[in-house]
Amino acid sequence: DQQVKQNSPSLSVQEGRISILNCDYTNSMFDYFLWYKKYPAEGPTFLISISSIKDKNEDGRFTVFLNKSAKHLSLHIVPSQPGDSAVYFCAARLSNTGNQFYFGTGTSLTVIP
Amino acid sequence: KAGVTQTPRYLIKTRGQQVTLSCSPISGHRSVSWYQQTPGQGLQFLFEYFSETQRNKGNFPGRFSGRQFSNSRSEMNVSTLELGDSALYLCASSRYTDTQYFGPGTRLTVL
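Residues numbered from 1 in each chain as written. Chains lettered and ligands numbered in written order. Predicted model: local features only at pLDDT ≥ 70, side-chain atom pairs only at ≥ 80, totals over all residues. Heavy atoms only, no water.

K.L.:
Lay out the overall build of chain A in plain terms, naming residues and giving numbers.
P.N.:
A tally of helices and strands in chain A yields 0 helices and 11 strands. Along chain A, from the amino end to the carboxyl end, the secondary structure elements read β-β-β-β-β-β-β-β-β-β-β. In terms of C-alpha radius of gyration, chain A reaches 13 Å, essentially the compact-globule figure of 13 Å for 113 residues. Dimensions of chain A, computed from C-alpha atoms along their principal axes, come out at roughly 45 × 30 × 20 Å. Sequence-distant contacts, at least 24 apart, represent 54% of the contacts inside chain A between residues at least 6 apart. Only carbon and sulfur atoms are counted for the fraction: they give 49% of the accessible area of chain A, which is about 5200 Å². The average position of the 10 basic charges and that of the 9 acidic charges among the side chains of chain A differ by 3 Å. (Helix = DSSP H or I, 4+ residues; strand = E, 2+ residues; numbered from the N terminus. Rg over C-alpha atoms; globule rule 2.2 N^0.38 Å. Contact = heavy atoms within 4.5 Å. Areas by Shrake-Rupley, 256 points an atom, 1.4 Å probe, with all protein chains shown as cover. Lys, Arg positive; Asp, Glu negative; His and termini not counted. Charge placed at Lys NZ, Arg CZ, Asp CG, Glu CD.)

K.L.:
Provide a residue-level description of the interface of chain B and chain A, including the pertinent values.
P.N.:
On the side of chain A, 20 residues touch chain B, which itself brings 26 residues to the contact. Across the interface of chain B and chain A, roughly 1600 Å² is buried in total on both sides, 53% from carbon and sulfur atoms. On the chain B side of the interface with chain A, the three residues burying the most area are Leu43, Thr99 and Phe102 of chain B, jointly 27% of the side's total. On inspection of chain B and its partner chain A, the count reaches 0 salt bridges. In this assembly, chain B and chain A are joined by 7 residue pairs in polar contact (both at pLDDT 80 or more). Elements that contribute at least two residues to the side of chain B that touches chain A include exactly strand 4 (31-38), strand 5 (42-50), strand 6 (53-57), strand 9 (87-94) and strand 10 (101-102) of chain B. (Buried area = accessible area lost by both parts, 1.4 Å probe. Salt bridge = Lys/Arg side-chain N within 4 Å of Asp/Glu carboxyl O. Polar contact = N/O pair within 3.5 Å; in protein donor to acceptor, adjacent residues only side chain to side chain.)

So, to be careful, I would describe these as geometric facts and stop short of saying anything about function.
Given below as structure tokens:
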């Protein structure tokens, strides 16, 4: 039962344009969300987080938006750079469960120079 | 501050054997979680330890077990290895119930 879904396995964007990665979830009890970036043969690198009490969080070129009514999360990267090419995972945590996170299956982003 | 370290980085075992993987969290972090990543499956949660106690457990068979020591270092053990256990095993640490920081992973191949 995949509670966190990333329905786009891949995405290609021109350098300098906006990259939008999407994530949908099914459980309204998720209270904390994370985005990670992963290169092959490396562990995921934390990018940005958002609590369920917020609807937006920014950190430099990265912005995460949370739409609780739609159970939808998105990561915006502006401007996109070739070094952003990687697999991006979203993750969600159930409230009151310690640190048990549910991960999506990832979206492979390619930024074309 | 040093990141999460995992040893060994690569491991080859045969079916029926057992294996132990090690994880050293970031200094000051008390929570250690383990994940299994296989192609097309994303990251699947195995278990979480906090202050030497298992706080959460995912839907994996009892062949997968773990423990945490007083210095927060954690080990994961898989007994009676099966071909399907071939995966990247990732360890993540956090202070309490917040952002998890991952190690580089241990690539386990079962032949």
